[in-house]
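Descriptive analysis of the structure
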Amino acid sequence: DYPTDTLLPHMKLGLNLKTGNNRFLTSWKNAYDPSSGYLSYKLEMQGLPEFLMLRGGGPVFRSGPWDGFRFSGIPEMQNWKFAYIVYNFTENKEDVAFTYRVTTPNFYAKLTMRFEGFLELSTWDPDMLEWNVFWVSSTADCNIYMGCTANSFCDTNTSPNCNCIKGFEPRNPQGGALENTSTECVRKTQLNCKGDGFYWLRNMKLPETSGAIVDKRIGLKECEERCIENCNCTAFANTNIQNGGSGCVLWTRELADIRRYVDAGQDLYVRLAAVDLVTENGNNNSRKTRTIIGLSVGATALIVLSFTIFFFWRKHKQARGIALYTDLVFSILTSFSFLFCLLSCLNKTECGQTGGRLNLLDTTDDDDLKLPLMEYDVVAMATNDFSISNKLGEGGFGTVYKGRLIDGEEIAVKKLSDVSTQGTNEFRTEMILIAKLQHINLVRLLGCFADEDDKILVY
């Protein structure tokens, strides 16, 4: 019940609802003085349960809420499995608590609140008779509590790190990025309640949830509807990302202490005025126009090349046999299919709905292209959040991962690189082409996903 500075396997960190005892860690005063120091790691229950690292009573780090797999602000926890450690967060009538255990006999571990200001996970080396540090919590800028102002998010891949959320701007606008961490972000257009929409932010550490409205009985669609009905609602998200997502959390105030990750975090839907959403779509349309021109030129060149090869090979078909001729016809049909699919894509309007889960490959005509759409969260869970250990290969287009769906089916996932020049239309064309064509040398397309940030094919 009183773990001092160290949590051992099977011990609980959090609130005992029967006794009211909140079990928390307290650091030593220094390396030589084990009396209570100035740092503690404690569960807070205002909104969704999450841990705060406190220095002198004030927060310096926030774990983010539990998302079903880990705390959203500590994505590196997933690597604990390599130290033969599994962990869990329990919410029931008796406890709201975190615990962990080791999965290998005669293996020892400990989690310590260090006086220097970080958590440290160590494992015992029986040969050297010493503790080896396996993991420490990050103290980088984006992990500092409120390292960026409200209505902005921290991203280590941008310079400066702090960025206003779309639909917001610095009080003294110099672009979307902030000159310093104290610059305030304000709405470009005030909300009107009726007619507002939502901007989808991916891979986010959810905002601080103190004062948030939580209902774990409903899903994302009903969560969106409740946010629309509540004129004070500023954002919404799932409370759990397992099995495609469940639960609902609504924010009714400024969004604070947010971070964007490369391949972690979860979806956050931020309420914006309709005019700001139109501006975002307008910027996307200008990029789409440039893409159409490039696609048209590329498709024409592909067809010319196919006919050139056809006439060259036709002279040799008698010598090389009918099999070559068959493959050649297939190649030409592929080229025509590419052009047909391209023209079909150009006649389609990308999904412009701003509420809910946005997939740019979606279509309003169920009988048109029959796109095999998949949820991003389903693919992420199948590949263990695109873990490096699931990586099969990498090329100019991006990375291929192995994965396993909930029903046990093994899949390969092609995730387009962030630096690729392939846009949504080109990706859509590739996906449709593979879905329509059947050939012994072609893999079967199981599903796909595309938005502004990610483009994924599942085989």
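Throughout what follows, the structure given in this document is the object of discussion. The shown structure was predicted, so the numbers you read here are calculated from the model rather than taken from an experiment. (Residues numbered from 1 in each chain as written. Predicted model: local features only at pLDDT ≥ 70, side-chain atom pairs only at ≥ 80, totals over all residues. Heavy atoms only, no water.)

Some details on the overall build of the protein chain
Helix and strand counts for the protein chain come out as six helices and 27 strands. Split into buried and exposed, the 459 residues of the protein chain put 47% on the buried side. By sequence separation, contacts in the protein chain at least 24 residues apart represent 55% of the contacts at least 6 residues apart. (Helix = DSSP H or I, 4+ residues; strand = E, 2+ residues; numbered from the N terminus. Buried < 20%, exposed > 50% of the residue type's maximum accessible area, 1.4 Å probe, protein only. Contact = heavy atoms within 4.5 Å.)

Here we look at the sheet that holds strand E5 (residues 33–44)
Strands in a sheet are paired, the pairing made by backbone hydrogen bonds, and the direction either parallel or antiparallel. Strand order in the open sheet made by the four strands is E4-E5-E6-E7, with antiparallel pairing throughout. Edge positions in the sheet fall to strand E4 (25–30) and strand E7 (58–62), since each has one partner strand and no second. Between one strand axis and the next, the sheet turns by 35° as a mean value, whatever way the strands run. In this sheet, E5 lies alongside E4 in antiparallel orientation, the contact comprising four bridges. The residue of E5 that forms the bridge with Thr26 is Ser40. (Pairing = 2+ DSSP bridges. Axes fitted to C-alpha atoms, helices over the stretch in contact; angles between N-to-C directions.)

Some details on the packing of aromatic side chains
Taken as a whole and assessed by the stated rule, the structure comprises 19 aromatic pairs. Where Phe51 meets Phe71, the ring centres are 5.6 Å apart and the plane angle is 90°; that geometry is what we call edge-to-face. Residue Phe51 is found in strand E6 (residues 50–55), and its partner Phe71 is found in the loop between E7 and strand E8 (85–91); the two are separated by 20 residues along the sequence. An identical accessibility class is assigned to Phe51 and Phe71; each is buried. The interplanar angle of 90° and the centroid separation of 4.9 Å between the aromatic rings of Phe198 and Phe236 together place this pair among those described as edge-to-face. Taken together, the residues span a long stretch of sequence, with Phe198 in strand E17 (residues 197–205) and Phe236 in strand E19 (residues 235–237) at a distance of 38 residues. Side by side, Phe198 and Phe236 carry an identical accessibility label, which is buried. An aromatic cluster of at least three residues, connected via ring pairs, comprises Tyr41, Phe51, Trp66, Phe71, Trp80, Tyr87, Phe89, Phe98, Tyr100 and Trp135. (Phe/Tyr/Trp six-rings, centres within 6.5 Å; stacked < 30°, edge-to-face > 60°.)

Things to note about the state of the cysteines
Going through the model one piece at a time under the given rule, you end up with six disulfides. Covalent S-S linkage joins Cys142 and Cys154, the inter-sulfur distance amounting to 2.0 Å. Of note, the bridge from Cys142 to Cys154 carries an S-S torsion of about -75° and is left-handed in sense. Taken as a pair, Cys142 in the loop between strand E12 (130–136) and strand E13 (152–154) and Cys154 in strand E13 lie far apart in primary sequence, 12 residues in all. The residues Cys142 and Cys154 share a single accessibility class, namely buried. (Disulfide = S-S within 2.5 Å.)

Here we look at the environment of Thr234
Along the chain, Thr234 turns up in the loop between helix H1 (220–229) and E19. Linking Thr234 and Glu254, residues 20 residues apart in sequence, is a C-alpha distance of 7.3 Å. Every residue in contact with Thr234, bar those within four places of it in the chain, is listed here: Arg187, Trp251, Thr252, Arg253, Leu255, Tyr269, Val270 and Arg271. Engagement of the side chain of Thr234 in a polar contact is seen with the backbone oxygen of Arg253, the distance being 2.8 Å. (Polar contact = N/O pair within 3.5 Å; in protein donor to acceptor, adjacent residues only side chain to side chain.)

Examining the sheet that holds strand E9 (residues 95–102)
Taken together, the four strands give an open sheet; going across it, the order is E3-E2-E9-E8, and neighbouring strands pair in antiparallel fashion. Strands at the two margins of the open sheet, each flanked by one partner only, are strand E3 (22–23) and E8. In this sheet, E9 lies alongside E8 in antiparallel orientation, the contact comprising seven bridges. Bridge pairing in E9 places Asn88 opposite Thr99.

Some words on the side chain of Asp155
Residue placement: Asp155 occurs in the loop between E13 and strand E14 (162–164). There is no salt bridge for the buried Asp155, and the closest opposite charge comes from Arg260, which lies 4.4 Å off by N-O distance. Polar side-chain contacts of Asp155 include one of 2.9 Å to the backbone nitrogen of Asn157. Among all residues touching Asp155, those that are not within four sequence positions of it are Cys142, Asn161, Asn163 and Arg260. (Lys, Arg positive; Asp, Glu negative; His and termini not counted. Salt bridge = Lys/Arg side-chain N within 4 Å of Asp/Glu carboxyl O.)

Quick notes on the nonpolar core
General note: in soluble globular proteins, nonpolar side chains tend to be found buried as a group. One finds Tyr41, Trp80, Phe98 and Leu111 to be the most contacted residues of the largest nonpolar core, which totals 29 residues. If you list the elements that add at least two residues to this core, you get strand E2 (13–16), E5, E6, E8, E9, strand E10 (109–113) and strand E11 (119–125). Among the elements that make up this core, the one with the highest residue count is E9 (four residues). In this view, Trp80 contacts Ile85, Tyr87, Phe98, Leu111, Leu121, Phe134 and Trp135; residues no more than four positions away in its chain are not counted. Core analysis: the second largest hydrophobic core is formed by 24 residues, Cys223, Phe386, Val413 and Phe449 among them. (Core = buried A, V, L, I, M, F, W, Y, C linked by side-chain atoms within 4.5 Å.)

Description of the environment of Leu201
Relative to the helices and strands, Leu201 is located in strand E17. Overall, Leu201 belongs to the buried group, its relative accessible area being 1%. For the pair Leu201 and Leu268, spaced 67 residues apart in the sequence, the C-alpha separation amounts to 5.1 Å. Residues contacting Leu201, with those up to four places away along its chain left out, are Ile165, Arg260, Gln266, Asp267, Leu268 and Val270.

Examining the pairing of strand E26 (residues 447–450)
Residues of E26 alternate between two faces, with Gly447 and Phe449 on one and Cys448 and Ala450 on the opposite face, all of them buried. Taken together, the four bridges between E26 and strand E27 (residues 455–458) define a ladder with antiparallel strand orientation. Bridging from a neighbouring strand, Phe449 pairs with Ile456 of E27.

Some remarks on the pairing of E11
In terms of burial, E11 is largely enclosed, as six of its seven residues are buried. Inspection of the sheet shows E10 paired to E11 by five bridges, in the antiparallel sense. What sits directly across from Ala109, in E11, is Thr123. Between E11 and E12, which follow one another and run antiparallel, lie four residues, and Leu129 among them has a positive phi close to 55°.

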